[in-house]
Amino acid sequence: MSDTTDTVGVAGDRIRSIIERIERLDEEIKDLMETKKEIFAEAKGEGLDVKVLKEILKLRKQDKDERDEQETLLDLYLRAMDAPTPAPVAQAA
């Protein structure tokens, strides 16, 4: 038998295979993140605002209804902050 089996009957070779696949994915993710960082640096070097680019990416991930709801709430909250605060009502003694 070529598989190594531990005391609970799990094939050691199968575990090793899964772990190695995950490790390869982690390495690919690391490389992709480095590439992403380089692209943002390139954009910054061309005078673009990276913070705004990241916000655009975030918005593009949302569906239209979610984006509309967020914009409505943002507008509502900003207007609420600008509204005058009502004076406290004096209570009779």
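As the structure is a prediction and not an experimental result, all values here were calculated from the model.

### Examining the overall build of the protein chain
Move 1: A tally of helices and strands in the protein chain yields three helices and zero strands.
Move 2: Reading the helices (α) and strands (β) of the protein chain from amino to carboxyl end gives α-α-α.
Move 3: Burial status across the protein chain gives 6% buried among its 93 residues.
Move 4: Total accessible area on the protein chain is roughly 8800 Å²; 58% of this is exposed by carbon and sulfur atoms.

### Describing the packing of aromatic side chains
Move 1: Throughout the structure, instances matching the rule amount to zero aromatic pairs.
Move 2: Over the aromatic face of phenylalanine 40 sits the side chain of lysine 54, whose NZ or CZ is 5.0 Å from the ring centroid.

### Let's talk about the side chain of glutamine 62
Move 1: Inspection of the secondary structure puts glutamine 62 in the loop between α2 (50-61) and α3 (64-82).
Move 2: Under the relative-accessibility criterion, glutamine 62 is labelled buried at 13%.
Move 3: Those residues within four positions of glutamine 62 in sequence are excluded, and the remaining contacts are Arg67 and Gln70.

Each value, and the rule that gives it
- Residues numbered from 1 in each chain as written.
- Predicted model: local features only at pLDDT ≥ 70, side-chain atom pairs only at ≥ 80, totals over all residues.
- Heavy atoms only, no water.
- Helix = DSSP H or I, 4+ residues; strand = E, 2+ residues; numbered from the N terminus.
- Buried < 20%, exposed > 50% of the residue type's maximum accessible area, 1.4 Å probe, protein only.
- Areas by Shrake-Rupley, 256 points an atom, 1.4 Å probe, with all protein chains shown as cover.
- Phe/Tyr/Trp six-rings, centres within 6.5 Å; stacked < 30°, edge-to-face > 60°.
- Lys NZ or Arg CZ within 6 Å of the ring centre and 35° of its normal.
- Contact = heavy atoms within 4.5 Å.

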